[in-house]
Amino acid sequence: MGRRPEVFVRQVSMVEGQRLQKITRTAKDPVKLRRAIVVLMSAQGQPAPDIAHLLKVTEDYVRDVIHAFNDRGFDALDPKWSGGAPRRIDEQTRDWICVIARCDPRFLGQPFSCWSLSKLCEYLIAAGYVTTISVETVRRILHERGVSWQATKTWKASTDPDFTTKMRRILDLYDHPPPAGRVLCVDEFGPLNLQPRPGRAWRPVGQPVRLRATYTRDQGVRHMIAALDLSTGKLHYRIRDRKRWREFLSFLKTLRARWPGEHLYLICDNFSPHKHPEVRAWCATNHVDLVFLPTYASWLNWIEAEFAAVRYFALNGTDHRSHAEQDTAIGSYIRWRNQRARPKTGFAIDSKIRHPDYPFKAA
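Please read all numbers here as calculations on a predicted model, not as lab measurements. (Residues numbered from 1 in each chain as written. Predicted model: local features only at pLDDT ≥ 70, side-chain atom pairs only at ≥ 80, totals over all residues. Heavy atoms only, no water.)

Right, let's get into the layout of surface pockets. Left-over empty space is what a probe sized like a water molecule reveals as it rolls over the atoms. When its volume is computed, the largest pocket comes out at roughly 580 Å³. Surrounding the largest pocket, 22 residues form its lining, Ala101, Val147, Ser148, Trp149 and Gln150 being those nearest its centre. Of all the elements in the fold, those that place two or more residues in the lining of the largest pocket are α5 (91-102), α6 (117-126) and α7 (135-144). For the lining of the largest pocket, the element with the highest residue contribution is α7, accounting for 3 residues. Residues belonging to the lining of the largest pocket are distributed by class as follows: 11 nonpolar, 7 polar and 4 charged. By residue class, the composition of the lining of the second largest pocket is 9 nonpolar, 1 polar and 3 charged. (1 Å grid on protein atoms, 1.4 Å probe; cavity = no way out; pocket = protein on both sides within 12 Å on 5 of 7 lines; lining within 4 Å. Points joined across faces, edges and corners; volume = space filled by probe spheres on them. Helix = DSSP H or I, 4+ residues; strand = E, 2+ residues; numbered from the N terminus. Nonpolar A, V, L, I, M, F, W, Y, C, P; charged D, E, K, R; others polar.)

Right, here's the structure in full:
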């Protein structure tokens, strides 16, 4: 029997050659690496027997790789794993499993409010969707289709009848600050207790930071009143023992003194001291507009995210023993933050609140 005719890879361009060379150097999959070497050696003019001898494979394997590369290009280098027994559960049944898992069991006549994997298996068999199925199979099917075990959380919709009007005005102030005015987000942060606060820190494995578990709060609480200047991104604050209308009005006077020639637009929530007659009267005579948030919509106040950062970076993981010590820590963080502050623009650009029909009407 004569020698089989030689098979060579098609002509490889310089770019393809460089790509093959890179794969032979960096590929972590041994199958892809071996196939790339076969193609590269064939492109260099080496016959199939020599390649097979070097890689300790059969000549048929070398020829199959070359033919596959000639037909499909670099896609032929990637292994297509398809081992194992054929699936006994078809795609439609898998879809039904995911639909049932997302249903309330009581809707299907079951006497419980949520599924466990074992209860779900029992129901699928009893309802005739499958003849037999294991808990692990159900778990894998749900995982493959993006269905996971999640905690149920609450949410609160605004009951304000003027929600849309108020929201639009606030978004307009965020997007288009008045030329002769300054937009400030104002709110209270606290109460500032003296107690160990849980947090996180980089530590050696098995050596977490420990805080005392027993403590007494015998020094009272304090409160921080703060304003976020959107034009600069800086936080301005005062820490006081109480947060009555008197403290709030005193803070507004400091803001008025800071920008004496500008009209101030203060975005704040519906906390009663903000609406006190004395506060309203002073604002009316000092070029200060109080822009109130819709009910149950404090998330529209841009300063809320800044408060979260203050809590995370200045308080979490601490155990201050005096208010002076805690106030110093907060002040140090805010000064550090203000040195790096940038103007605040583009509030919730991709949020559904930007949709002209928000809030959406029920069908």
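Read on, since the account is not over.
Frequently, the measure chosen for interface size is the accessible area that the parts lose on association. Partitioning the chain into domains gives domain 1 (14-77), domain 2 (91-145) and domain 3 (162-194 + 218-354). The C-alpha-based centres of domain 1 and domain 2 are spaced at 46 Å. (Domains from an automatic or database assignment.)

Glancing now at the packing of helix α2 (residues 30-43) against helix α3 (residues 48-55). With their axes 10 Å apart at the nearest point, α2 and α3 run at an angle of 145 degrees to one another. The handedness of the crossing between α2 and α3 is right-handed. Packed against α2, whose contacting residues are Arg34, Ile37, Val38, Met41 and Ser42, the element α3 presents Ile51, Leu54 and Leu55 at the interface. When the residues that make up the contact of α2 with α3 are grouped by side-chain class, the tally is 6 nonpolar, 1 polar and 1 charged. (Axes fitted to C-alpha atoms, helices over the stretch in contact; angles between N-to-C directions. Left-handed = near helix turned anticlockwise from the far one by under 90°. Contact = heavy atoms within 4.5 Å.)

Here the structure, examined in full by the defined rule, presents 21 salt bridges. In this structure, the salt-bridge partner of Glu144 is Arg94, at a minimum N-O distance of 3.7 Å. Taken as a pair, Glu144 in helix α7 and Arg94 in helix α5 lie far apart in primary sequence, 50 residues in all. Relative accessible area serves as the criterion here: at 6%, Arg94 is assigned to the buried category. The residue Asp319 makes a salt bridge to Arg321 at a minimum N-O spacing of 3.5 Å. (Salt bridge = Lys/Arg side-chain N within 4 Å of Asp/Glu carboxyl O. Buried < 20%, exposed > 50% of the residue type's maximum accessible area, 1.4 Å probe, protein only.)

The next point concerns unusual backbone geometry. Of the consecutive residues Gly190 and Pro191, the connecting peptide bond is found in the cis state with omega at 0 degrees. For Pro191, the position within the fold is in strand β1 (residues 181-192). Although it is not a glycine, His287 sits at a positive phi angle of roughly 55 degrees. Of the residues examined, His287 reaches a relative accessible area of 54% and is grouped as exposed.

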